[in-house]
Amino acid sequence: MLKLKNERSSIIAEKHFDGVRFYINQVLEYYINAFEILIGNKSPSDAVFILYNNSYLDANFINTLGGKLCFMKRSEKKITKLKIIEIYSKPNIYINNLFIVHKAGFKLFFEELKTNLKLIITGSPKELLLFQEDIKTKFPFVKENNGLFKEPLRRLLLQSVFNYNKFSNKQGLPKSSIRSDYWERYDLAKELNVNTCAYCNRVYTFTVISESGIGVISPTIDHFFDKAKNPLFALSFYNLIPSCTNCNSILKGCKELSLEDYVHPYLGGFGGHAKFNYIPLDVDSLIGESVNLKVFIDLDELSPINHQIKNNIDLFQLDIIYTQHGDQVRELIKKKIMSNNRYIEILRHETYKGLSLTLEESYRLAFGNYYSESEFSKRPLSKMIKDLVERLKMI
Ligand SMILES: [Zn+2]
């Protein structure tokens, strides 16, 4: 697994915050206003003015937001302008009882989210967990016995505040003059410029945006803390991990990961704590004539994060998947034997003697990959190649 954190991370996190906050604040404002009307601080007769005229959101979308507070038939899950005054005049008939009973508390709850929006979007993984714990303690009526947010707060309201579906769709929100440069998954991925999957470093994850601004391809974004169980973190910068579909959807899925048990790519990668190794399974593979070998990741027994690394290896099935790259390992062995261990030296000091190649340049020519760890995300298999080149004592 690659380490994602670098000197640009906090700058991109700020940019991400600037990009998503306008939309999130609009939705939070809507709910704060709706609870103001329920409390009686604002009149139901002004509901149309308060909830529609004040907002830059699309009217149809506002109807959906209102519907999430209500008991409505499936066919009527949107509050329309026509119906809104009746609903807020007789809330006991239409509005979900949870929101009626705790209306004053919910207003404060949504205000608290608004006040702490920057922390929620740019906080470190540990800060996010602490904030979530604190807000559930401060507003105990939002929490189920199992610790999750209560329904329909979790799946309906919070998912529309921290709306990942809209963020992930290049054409999700209509561009308006106010929001002409709104920020989406493709914009974030382009900034991050992580071109291989952070979890496996096997698959290219380029971001391509067409000249007309439409997203063509980008990495899938994994939520380290599952977004269904932790809707507050659905748009949190350090919870958005650029990755491949296999790692994100097939191998990890909705599995709940903790910082105690897994390596978080923004808190550290495998680095020197775990290195690739291989075992030849017959005489031919020993001399680079066969791919019959097993590739695996060796743990540093003294590493303090052994337990987390082992869980990552198991979750993403790295050992058995990397064994499929035996052909790459065979080539390395062959280069070592052919050159009598002098592959880079021959390139550098004999074949291309006049070019005064640096070690990094000759490494890239020799092995088709990047030498320094800070560039590992540029090409697939970079860590495996580097670890094995070192193990074979070719540098
Ligand atoms: Zn992957």
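Residues numbered from 1 in each chain as written. Predicted model: local features only at pLDDT ≥ 70, side-chain atom pairs only at ≥ 80, totals over all residues.

Visitor: I would appreciate a short explanation of the overall build of the protein chain in the present structure.
Guide: If you tally the helices and strands in the protein chain, you get 20 helices and six strands. Over its C-alpha atoms, taken along the principal directions, the protein chain stretches across nearly 85 × 45 × 35 Å. Nonlocal contacts in the protein chain, meaning residues at least 24 apart in sequence, comprise 64% of its contacts between residues at least 6 apart. (Helix = DSSP H or I, 4+ residues; strand = E, 2+ residues; numbered from the N terminus. Contact = placed C-beta atoms within 7 Å.)

Visitor: When you look at the domain arrangement of the protein chain in this model, what are you seeing that I'm missing?
Guide: Segmentation of the protein chain into domains returns domain 1 (9-167), domain 2 (173-252) and domain 3 (271-391). A straight line from the C-alpha centre of domain 2 to that of domain 3 covers 29 Å. Contact residues are listed per partner, giving 12 residues for domain 2 and 12 residues for domain 3. Looking at side-chain class alone, the side of domain 2 that touches domain 3 contains seven nonpolar, three polar and two charged residues. (Domains from an automatic or database assignment. Nonpolar A, V, L, I, M, F, W, Y, C, P; charged D, E, K, R; others polar.)

Visitor: Help me understand helix H19 (residues 359-367) in this model?
Guide: Given 3.6 residues to a turn, an α-helix orients residues that are three or four positions apart in the same direction. Taken as a whole, H19 has its buried residues at Ser362, Tyr363, Ala366 and Phe367. Down the axis of H19, the sector holding all buried residues measures 110 degrees, keeping them to one side. The secondary structure elements touched by the buried residues of H19 are helix H18 (343-351) and helix H20 (382-391). Backbone geometry just after H19 places Gly368 at a positive phi near 65 degrees. (Buried ≥ 20, exposed ≤ 12 C-beta atoms within 10 Å, placed from the backbone. Arc of directions from axis to C-beta.)

Visitor: I would appreciate a short explanation of the packing of helix H1 (residues 9-39) against helix H10 (residues 153-161) in the present structure.
Guide: Angle between the axes and distance between the axes are the two parameters that describe a pair of packed helices. Across the interface, H1 lies against H10 with an axial gap of 8 Å and an inter-helix angle of 135 degrees. As judged from the angle between their axes, H1 and H10 are oblique. Taken together, the residues of H10 that come into contact with H1 (itself represented by Ile24, Val27, Leu28 and Tyr31) are Leu157, Ser160 and Val161. Residue classes in the contact of H1 with H10 are distributed as six nonpolar, one polar and no charged. (Axes fitted to C-alpha atoms, helices over the stretch in contact; angles between N-to-C directions. Parallel < 35°, antiparallel > 145°, perpendicular 65-115°, else oblique.)

Visitor: Even after reading the chapter, I still don't get the packing of H1 against helix H12 (residues 185-192), so can you show me in this structure?
Guide: Where H1 meets H12, the axes come as close as 11 Å, and the angle between the chain directions of the two elements is 165 degrees. Between H1 and H12, the crossing angle belongs to the class labelled roughly antiparallel. The interaxial crossing formed by H1 with H12 has right-handed handedness. Listed contacts from H12 to Ile12, Lys15, His16 and Gly19 of H1 are Asp187, Leu188, Glu191 and Leu192. Split by residue class, the contact of H1 with H12 holds three nonpolar, two polar and three charged. (Left-handed = near helix turned anticlockwise from the far one by under 90°.)

Visitor: Quick question: what am I supposed to make of H20 here?
Guide: A large share of H20 lies buried, amounting to seven of its 10 residues. Inspection of H20 places Ser382, Lys383, Met384, Ile385, Lys386, Leu388 and Val389 among the buried residues, and these make up the whole buried set. Each element contacted by the buried residues of H20 is listed here: strand E5 (274-280), helix H16 (318-322), helix H17 (326-338) and H19. Two residues or fewer after H20 comes Lys393, characterised by a positive phi angle close to 60 degrees.

Visitor: Just checking my understanding: could you explain the environment of Tyr238 for this structure?
Guide: Within the secondary structure, Tyr238 sits in the loop between strand E3 (220-223) and strand E4 (240-243). Overall, the presence of 26 C-beta atoms within 10 Å leaves Tyr238 in the buried class. Those residues in contact with Tyr238 that sit more than four places away from it in its chain are Ser124, Pro125 and Tyr266.

Visitor: Would you mind showing me how to read the environment of Tyr56 here?
Guide: Within the secondary structure layout, Tyr56 lies in the loop between helix H2 (47-53) and helix H3 (59-67). Residue Tyr56 is classed as exposed on the basis of its 12 C-beta neighbours within 10 Å. Between the C-alpha atom of Tyr56 and that of Gln26, which follows or precedes it by 30 residues, the distance is 7.3 Å.

Visitor: Mind showing me how you'd approach the nonpolar core here?
Guide: Counting 99 residues, the largest nonpolar core has Val20, Val27, Tyr31, Ala34, Val161 and Leu388 as its most contacted members. Ranked by the residues each element gives to this core, the list is headed by H1, at 13 residues. (Core = buried A, V, L, I, M, F, W, Y, C linked by C-beta atoms within 7 Å.)

Visitor: Explanation requested: unusual backbone geometry in the structure shown.
Guide: Trans is the prevailing form of peptide bonds, just as negative phi is the prevailing case for residues other than glycine. Look at the link from Glu151 to Pro152: it is a cis peptide, with omega at 0 degrees. Mapped onto the secondary structure, Pro152 falls in the loop between helix H9 (125-138) and H10. A positive phi angle, close to 75 degrees, is found at Asn341, a residue other than glycine. Judged by the 13 C-beta atoms lying within 10 Å of it, Asn341 is partly exposed.

Visitor: How do you make sense of the environment of Lys336 when you look at a structure like this?
Guide: Summarising the element assignment, Lys336 is placed in helix H17. In this structure, the C-alpha to C-alpha distance between Lys336 and Cys247, residues 89 residues apart in sequence, is 32 Å. In this structure Lys336 touches Asn341, Tyr343, Leu392 and Met394, once residues within four positions along its chain are discounted.

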